[in-house]
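# Structural characterization, general
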Amino acid sequence: MNISVIYPQSKIEWNWNSALLIPIYENHLPVECSLLTEEQELAIQAMIDRDLFHGKENEILFVPFINASFAGTILVGLGPQDKIELEKVRRISAKVTECTKTNRIQMLICDWEQMRTEYIIPFIEGVMLSQYVFEQYKNSDTIHKDKPTQLTHIKFIVSKDKDISDLQNQSNQTVIICNAVSMARSLICSPANELTPQSFADIAQDICQKIQVKTQILNKGLLEEKGLNSILAVGKGSKREPLLLILEYNTKSAIEKPVALIGKGVTFDTGGICLKPRDDMQDMRYDMSGAGVVLGTVCTLAELKADVSVVGVIPLVENMPGGSALLPGDIIKTYSGKTVEVLNTDAEGRLILADAISYVQKNYSPSRIVDIATLTGGCIIALGHFSAGLISNNGDLSNELIKAGQETGERLWKLPLWEDYDKLIQSDFADIANIGPKSEASTIVGGVFLKQFVVNNIPWAHIDIAGTAWGVKHIPYWDSKYPTGFGIRLLTHWILRNCKQI
Ligand code: BES
Ligand code: MN
Ligand code: ZN
């Protein structure tokens, strides 16, 4: 995506794959724009007179021009001016890409003189997120011959009193972030025969080599040596060996302790011996969404050369019911020393995260820990696909994350962590059990389990993205058949705002 921010007098090279976009608040008519000829304004007015456009939210009108150097004008309605907000702009821009797709527009010139410049970022986000496709495994003759046009260039015309170099920088950053989101979405969407623990690590190493991110891989042998038994236990049933991938950005030069991000990387979750039902089991390849999000976030921060210190910890396993698989009733001595009775092999995410949490605390003494995981089906029952679940031992940290999520449109809803819930994971035979009774408060129980591995009360938050990582309907910039990469924009935003080195 090529973005530029320009002043009204700059020369524009129009072509007939380009269109002029004019965003309009409700009832802020007639349309006036210095780039239009009188004749073109009349053509637009004629359509408005026929009641085809009022500026209502999400209204779109394409007015084609003949005898012009460009294809036409797209009017997009923003709704009432006092009700506009970042998320609305994101959704509205996805409506614009629908229109540019059907009209084969590749370049948009946006008349942004009347618009607040803070809406440039969500506009770019909405365009980039909505245009994402995953076609890696289709031959070109399978991909529809009439391949839809993608928008590749956007120019924003802003008024002369604006600082365009600052706006250009912000736009470039947004493109970097959205590219990382696309990269993660493709990893998450990849089938489990291609994306194994090892190939995820290889791809990550490849990406990280090009930027300032140091990688380290603890293979099965090293996991055994160090006693990361909980990760090993989940990986036992699969021929594809488990590993722990560590990403370090700026951890050495750090003045402050690093922020730790931990992502669940189950490349496929069959449930193990407690096998899942076959319906829609293919979806369980997205059980490494948290891993994709952590990789995407660390890479983004490095590409932005952000003045922060971050360590990403990604346990990667395949949860299989093999001949040597973990069995119900097995007791694991985790890396922390705590013993866990495995009452359900399908509650595997928390097992691998537990060791990752202990490992990062022991080896990096982080200032805060955020883990992100497709942890519980119960989270979809509680919150649907419109919000992720948040569990935390720290009020400030939760508030910072919730605020970041409101700004990026990746909403979080906090669930309680009262001590009473600790009783749900009592075990008759080990220190704790990996599940609670039936599906009682299952999302909270997931968090309560993880909390047992956080020492010295260091600020920690757990984000359950089971509902938001994939299958999001009714939000225009998401296509429900694709993963979302939910969390990358949120975590990047949070770290840039709240975890900068002083
Ligand atoms: N990866 C699943 C969570 C999940 C399930 C996400 C369905 C999306 C849709 C996780 O590993 C899991 O299986 N969790 C169990 C936990 C239960 C056994 C306590 C669940 O939620 O059913
Ligand atoms: Mn599971
Ligand atoms: Zn899982």
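Residues numbered from 1 in each chain as written. Chains lettered and ligands numbered in written order. Predicted model: local features only at pLDDT ≥ 70, side-chain atom pairs only at ≥ 80, totals over all residues. Heavy atoms only, no water.

### A few points about the packing of aromatic side chains
This model, assessed by the stated rule, comprises twelve aromatic pairs. Ring plane angle 65° and centroid distance 5.4 Å describe the contact between Y286 and W470, whose orientation is recorded as edge-to-face. Here W470 lies in the loop between strand 18 (460-464) and helix 13 (488-498) and Y286 lies in the loop between strand 10 (265-269) and helix 8 (289-303), a separation of 184 residues in the sequence. Between W418 and Y421 the ring centres are 6.1 Å apart and the planes differ by 15°, which places this aromatic pair in the stacked class. Among the aromatic side chains, those forming a connected cluster through ring pairs are W14, F65 and F70. (Phe/Tyr/Trp six-rings, centres within 6.5 Å; stacked < 30°, edge-to-face > 60°. Helix = DSSP H or I, 4+ residues; strand = E, 2+ residues; numbered from the N terminus.)

### Some details on the site of ligand 1
Ligand 1 sits among 17 residues. The nearest are K276, D287, D346, E348 and G377. Between an oxygen atom of ligand 1 and a side-chain N or O atom of K264, the distance comes to 3.2 Å. Within the complex, the protein chains bury 80% of what would otherwise be the 510 Å² of accessible surface of ligand 1. For the shell around ligand 1, the residue count by class is six nonpolar, four polar and seven charged. (Near = heavy atom within 4 Å. Polar contact = N/O pair within 3.5 Å; in protein donor to acceptor, adjacent residues only side chain to side chain. Areas by Shrake-Rupley, 256 points an atom, 1.4 Å probe, with all protein chains shown as cover. Nonpolar A, V, L, I, M, F, W, Y, C, P; charged D, E, K, R; others polar.)

### Quick word on the coordination of the manganese ion (ligand 2)
For a metal with four tetrahedral donors the ideal donor-metal-donor angle is 109.5 degrees, whereas six octahedral donors ideally subtend 90 or 180 degrees. At the metal site, the manganese ion (ligand 2) is ligated by D269 (OD), D346 (O), D346 (OD) and E348 (OE), and these contacts range over 2.0 to 2.2 Å. Considering all six donor atoms around the manganese ion (ligand 2), angles at the metal cover 68 to 167° and the coordination shape is irregular. The sequence pattern formed by the donor residues of the manganese ion (ligand 2) is D-x76-D-x1-E. Between the two metal centres, the manganese ion (ligand 2) and the zinc ion (ligand 3), the spacing is 3.1 Å, with D269 acting as a shared donor. (Donors = N, O, S within 2.8 Å, 3.2 Å for Na, K, Ca; no water. Tetrahedral: all angles 85-135°; square planar, octahedral: opposite > 155°, others 65-115°.)

### Observations regarding the coordination of the zinc ion (ligand 3)
Only K264 (NZ), D269 (OD), D287 (OD) and E348 (OE) from the protein reach the zinc ion (ligand 3) as donors, at distances of 2.0 to 2.4 Å. Of note is the zinc ion (ligand 3), whose six donor atoms meet at the metal with angles of 78 to 174° in an arrangement that counts as octahedral. Sequence spacing of the donors to the zinc ion (ligand 3): K-x4-D-x17-D-x60-E. On the basis of relative accessibility, which here comes to 2%, the residue D287 falls in the buried class. (Buried < 20%, exposed > 50% of the residue type's maximum accessible area, 1.4 Å probe, protein only.)

### A closer look at the sheet that holds strand 5 (residues 107-111)
Strand order in the open sheet formed by six strands is 1-6-5-2-4-3, with mixed pairing between adjacent strands. In the strand order of this sheet, the two ends are held by strand 1 (2-6) and strand 3 (60-64), each with one partner. Strand-to-strand twist in this sheet, taken as the mean axis angle between neighbours without regard to direction, amounts to 20°. Of the strand pairs in this sheet, strand 1 and strand 6 (residues 153-157) are connected by five bridges, and their pairing is parallel. Note on strand 6: the bridge partner recorded for S4 is K155. Relative to strand 4 (residues 72-77), helix 2 (residues 86-102) is tilted by about 150°, and along the sheet it contacts strand 2 (18-24), strand 3, strand 4 and strand 5. (Pairing = 2+ DSSP bridges. Axes fitted to C-alpha atoms, helices over the stretch in contact; angles between N-to-C directions. Contact = heavy atoms within 4.5 Å.)

### Concerning helix 12 (residues 442-451)
Structurally, the α-helix is built with 3.6 residues per turn, so residues lying three or four positions apart point the same way. The element helix 12 is extensively covered by neighbouring structure, given that nine of its ten residues are classed as buried. Considered for burial, the residues of helix 12 that qualify are T443, I444, V445, G446, G447, V448, F449, L450 and K451.

### Let's talk about the environment of N393
Note on placement: N393 falls in the loop between strand 15 (388-392) and helix 11 (395-408). Residue N393 is classed as partly exposed on the basis of its relative accessible area of 23%. Between the C-alpha atoms of N393 and G447, which are 54 residues apart in sequence, the distance is 9.9 Å. Those residues in contact with N393, other than ones at most four positions away along the chain, are L417, V454, N457, I458, P459 and W460. Within polar-contact distance, the side chain of N393 engages the backbone oxygen of I458 at 2.9 Å. For N393, the side chain forms a polar contact with the main-chain nitrogen of W460, separated by 2.8 Å.

### Comments concerning the domain arrangement of the protein chain
Accessible area lost upon the coming together of the parts serves often as the stated size of an interface. Partitioning the protein chain into domains gives domain 1 (2-158) and domain 2 (181-498). Computed from C-alpha atoms alone, the centre-to-centre distance between domain 1 and domain 2 is 38 Å. Taken together, the contact pairs 15 residues of domain 1 with 18 residues of domain 2. Put simply, domain 1 and domain 2 have one salt bridge between them. (Domains from an automatic or database assignment. Salt bridge = Lys/Arg side-chain N within 4 Å of Asp/Glu carboxyl O.)

### Comments concerning the sheet that holds strand 12 (residues 331-333)
The strand order across the open sheet built from three strands is 12-13-17, with neighbouring strands paired in mixed fashion. The sheet terminates laterally at strand 12 and strand 17 (432-433), the two strands that pair on one side only. Relative to strand 17, strand 13 (residues 339-341) is paired through two bridges, and the arrangement is parallel. Its bridge partner lying in strand 17, V340 is registered against I432.

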